[in-house]
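Listed below are the residues making up each chain.
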Amino acid sequence: MAPRIANATGAMTMQSKFTIILAQVFISLMMAFLMTLIFTAIPMQFAPGWVGEWLRRFITAWPIAFVLSLGVGPLAFGLSARVSRAVQRG
């Protein structure tokens, strides 16, 4: 069963499995992009060749981030639902 997600108005809606996986593709892409960019640029201080090194790291990191998100995503949804219920109860 697809998780129930609160939309912008706070109403709960069912998210399709396709939408959730697509979101994980985008989230893992953006996180791998930014994290490898930061953790390559900082130690290399934008020295010549840093872009190539960053791209190598990104190409390695993104598939790993995506596969991990498939496992961590359901856990995160479950934890956030439990915390949300606990907060709403007071």
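Residues numbered from 1 in each chain as written. Predicted model: local features only at pLDDT ≥ 70, side-chain atom pairs only at ≥ 80, totals over all residues. Heavy atoms only, no water.

Asker: Can you lay out the confidence of the model for the protein chain for me, pointing to particular residues and giving the numbers?
Answerer: One rule of thumb: low pLDDT means the predicted coordinates there are not for detailed reading. Model confidence for the protein chain is summarised by a mean pLDDT of 87, while 84% of its residues fall at 70 or above. Taking the mean pLDDT of every element in the protein chain, the minimum, 57, falls on strand β1 (residues 4-6) and the maximum, 94, on helix α1 (residues 17-44). (pLDDT = per-residue confidence, 0-100. Helix = DSSP H or I, 4+ residues; strand = E, 2+ residues; numbered from the N terminus.)

Asker: I'd like to hear about unusual backbone geometry, residue by residue, with values.
Answerer: The phi angle at Q45 is positive, at roughly 50 degrees, despite the residue not being glycine. Relative to the helices and strands, Q45 resides in the loop between α1 and α2 (50-89). Classification of Q45 as exposed rests on a relative accessible area of 64%. Backbone geometry places F46, a non-glycine residue, at a positive phi of 55 degrees. (Buried < 20%, exposed > 50% of the residue type's maximum accessible area, 1.4 Å probe, protein only.)

Asker: Account for the environment of V67, naming residues and giving values.
Answerer: When you line up the elements, V67 lands in helix α2. For V67, a relative accessible area of 55% translates into the label exposed. Counting along the chain gives 42 residues from V67 to V25, while the straight-line C-alpha distance between them is 9.3 Å.

Asker: Which residues make up the pattern of salt bridges, and what values go with them?
Answerer: If charged atoms from side chains of opposite charge come close, those side chains can pair. Evaluation of the coordinates by the stated rule reveals 2 salt bridges. Where E53 meets R56, a salt bridge forms, and the shortest distance between an N and an O atom there is 3.2 Å. Of this pair, E53 and R56 both sit in helix α2, 3 residues apart, which is roughly one turn of the helix. Looking at E53, the relative accessible area reads 24%, which means it is partly exposed. The residue E53 makes a salt bridge to R57 at a minimum N-O spacing of 3.1 Å. In this pair, E53 and R57 are both assigned in helix α2, 4 residues apart and thus about one turn of the helix distant. Residues joined by salt bridges that share partners form a network here, namely E53, R56 and R57. (Salt bridge = Lys/Arg side-chain N within 4 Å of Asp/Glu carboxyl O.)

Asker: Break down the side chain of Q24 for me, citing the residues and quoting the values.
Answerer: Topologically, Q24 is positioned in helix α1. Ignoring anything within four residues of it in the chain, the contact list for Q24 reads F66, S69, L70, G73 and P74. (Contact = heavy atoms within 4.5 Å.)

Asker: Requested: an account of a nonpolar patch on the surface, with residues and values cited.
Answerer: On the surface, F18, L22, F26, I27, M30, M31, F33, L34, M35, I38, F39 and I42 cluster together into a nonpolar patch covering about 1200 Å² of accessible area. Summarising the element assignment, I38 is placed in helix α1. Since its relative accessible area comes to 39%, I38 is described here as partly exposed. (Patch = residues over 30% accessible without salt bridge, like charges linked within 9 Å, V, L, I, M, F, W, Y side chains within 5 Å. Areas by Shrake-Rupley, 256 points an atom, 1.4 Å probe, with all protein chains shown as cover.)

Asker: Explain the side chain of S69 to me, and be specific about the residues and the numbers.
Answerer: Mapped onto the elements, S69 comes out in helix α2. If we ignore the near neighbours within four places in the chain, the residues touching S69 are Q24, S28 and P74.

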